[in-house]
Amino acid sequence: MTTAAVRPAAWDRWENRVQTSAHPVAHRLLRAIAARGPVVRVPRVGVVVSDAALAREVLCDTTHFTKTGPGSPADLWTPVLGPSVLLNMEGPDHAALRRRLSGLFTPGYVAALCERVLAQPLAELTHRLRSGEEVDLVRVAQTCAGAAICEIVGLPVDPRRFATAHAEAAEVTGMVRLWRHSMTTRQVARAREVLGRLTASAVTAYRRGGEETLPGRLRALGLSEEEARGAVGAFLLTGTETLVSFVPRLIAICHDTGRLDGLGDGTADLDAVVEEALRITVPSPVMLRSVARSAEIGGVPVEPGDRVVVATLLCAQAYGPFAPELPHPPEVRRLWFGAGPHFCLGMPLAMAQIRAVLTAVLAAGPTDVTGRRTARRVLIPGYARLTVKLRSAS
Ligand code: HEM
């Protein structure tokens, strides 16, 4: 699966391959289900929602829909991380923890974090491209993720740690399967061991305190040691593979639609292109909820214990092909970061990291995608390899 040529709608074909390589059956099945209507009950899967407005209603209605009931993310993460890690909380406890965390990813902190963590790997990226080297952006994104993990768990940001840090976090997310409601006993034990190792340094940094590490900041924000450890675990699970998936796909889409050059010479709107690429890729392609009280979704009755599969990817892609010049209607706006009380806490950090990597690629000069391979049977769809090279060096 390699190509250097840009053909019409190449972005669409490649994105489709990214999805079908990751979930050969589930992706086609979801599309077939969505074709039957915006809300469809599917035996053993759940009630599948593929309409943006209805998805938003479900995500914002915590009286009827919860992340803690049967078939919800709590089934997956509580055995591994304990009961209070945002992802598996609802109600006043969740709101109180979110309030205390609202001062975490401030614009100033996020900018300083990116500078501290990404400056070295991204300077190296620009340098390698300028030297005419072919660079694998998946490796670069993994390195950046590893660097961010060191920061999140309060370890010194040391390039020798990046690869292992990323591999360990990826191992845990890799245990989850789209249709599985929970992990096996062996997986839980392994996930606890890996995350226990990763978050042990967070506990040390928390106990030391101080504003210079993220766990120290969590302590200053009033989180208990257990809450801080849980928050760090949640950041590792939600903020690692999503970015490793998205960054290479963003560059690939920009290349395939001829937007990379426009971004380089400043004629294309970088923020609009990034948002639109997020709409097309939706790195976190589904969100799960459990029905807490009888309700209706778009006229379809649901009962306590039913599982709701919000097919965010399908909700967002229903708004047509890649077109950064078109504004996003309110119902779909930033749905790829969720909606309601569980809206992505790390969005400011994610956006800053995305901009930083894109800017580092553009700083090298006009580049082309020279090769790629999609990742097979992974939870978060993406490329296994995506190489770019300076055009004059091609
Ligand atoms: C492109 C990158 C990212 C995407 C697409 C993304 C997407 C999402 C989505 C869809 C949710 C809501 C899930 C739901 O309601 O079921 C979420 C929640 C969350 N995200 Fe992100 N995320 C990204 C990056 C990050 C990063 C970098 C961090 C932090 C380091 C992060 C931290 C979180 C946390 C802690 C939650 C749980 C919030 C809660 O339950 O209250 N995310 N993310």
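Since we're looking at a predicted model, the values are computed, not measured.

Conventions used here
- Residues numbered from 1 in each chain as written.
- Predicted model: local features only at pLDDT ≥ 70, side-chain atom pairs only at ≥ 80, totals over all residues.
- Heavy atoms only, no water.
- Core = buried A, V, L, I, M, F, W, Y, C linked by side-chain atoms within 4.5 Å.
- Buried < 20%, exposed > 50% of the residue type's maximum accessible area, 1.4 Å probe, protein only.
- Helix = DSSP H or I, 4+ residues; strand = E, 2+ residues; numbered from the N terminus.
- Contact = heavy atoms within 4.5 Å.
- Pairing = 2+ DSSP bridges.
- Axes fitted to C-alpha atoms, helices over the stretch in contact; angles between N-to-C directions.
- Phe/Tyr/Trp six-rings, centres within 6.5 Å; stacked < 30°, edge-to-face > 60°.
- Lys NZ or Arg CZ within 6 Å of the ring centre and 35° of its normal.

**Describing the nonpolar core**
Here's step 1: Grouped together as the largest cluster of nonpolar side chains are 124 residues, with contacts concentrated most on Trp77, Leu125 and Ile297.
Here's step 2: Per-element accounting of this core gives the leading share, 12 residues, to helix 16 (residues 347–364).
Here's step 3: Setting aside chain neighbours within four positions, we find Trp77 in contact with Gly82, Leu87, Asn88, Val172, Val176, Met183 and Leu237.

**Digging into the sheet that holds strand 4 (residues 135–136)**
Here's step 1: Strands sit in the order 4-10-9 across an open sheet of 3 strands; the sheet is antiparallel. Here the strands that pair on one side only, and so sit at the sheet edges, are strand 4 and strand 9 (367–374).
Here's step 2: The pairing of strand 4 with strand 10 (residues 383–390) spans 2 bridges and is antiparallel. By the bridge assignment, Val135 is partnered in strand 10 with Val388.
Here's step 3: Strands strand 9 and strand 10 of the sheet are contacted by helix 1 (residues 10–22), whose axis makes an angle of about 30 degrees with strand 9.
Here's step 4: Lying over the sheet, helix 6 (residues 107–130) contacts strand 4, strand 9 and strand 10, oriented at roughly 55 degrees with respect to strand 10.

**Considerations on the sheet that holds strand 2 (residues 46–49)**
Here's step 1: Read across the open sheet, the 5 strands follow the order 1-2-8-5-3; overall the sheet is mixed. Here the strands that pair on one side only, and so sit at the sheet edges, are strand 1 (39–42) and strand 3 (65–66).
Here's step 2: Looking at chain direction, strand 5 (residues 287–291) and strand 8 (residues 307–310) are connected through 4 bridges and run antiparallel. Note that in strand 8 the partner of Met287 across the bridge is Val310.
Here's step 3: In the packing of helix 3 (residues 52–60) onto the sheet, the strands contacted are strand 1, strand 2, strand 3, strand 5 and strand 8, and the crossing angle to strand 8 comes to about 130 degrees.

**A few points about the packing of aromatic side chains**
Two numbers describe a pair of aromatic rings. These are the distance of the centres and the angle of the planes.
Here's step 1: Under the definition given, this model contains 4 aromatic pairs.
Here's step 2: An angle of 50 degrees between the planes, with centres 6.3 Å apart, marks the rings of Trp11 and Phe322 as tilted. Of this pair, Trp11 sits in helix 1 while Phe322 sits in the loop between helix 15 (312–317) and helix 16; the two residues are 311 residues apart in sequence, bridging distant segments of the chain.
Here's step 3: Here the aromatic rings of Trp14 and Tyr383 are separated by 6.2 Å at their centres, their planes lie at 50 degrees, and the arrangement is tilted. Taken together, the residues Trp14 in helix 1 and Tyr383 in strand 10 connect sequence positions 369 residues apart.
Here's step 4: Judged by relative accessible area, which is 6%, Tyr383 ranks as buried.
Here's step 5: Cation over ring: Arg217 sits above Tyr109, and NZ or CZ is 3.9 Å from the ring centre.
Here's step 6: Geometry around Tyr206 places Arg219 over its ring, the cationic atom sitting 5.6 Å from the centre.

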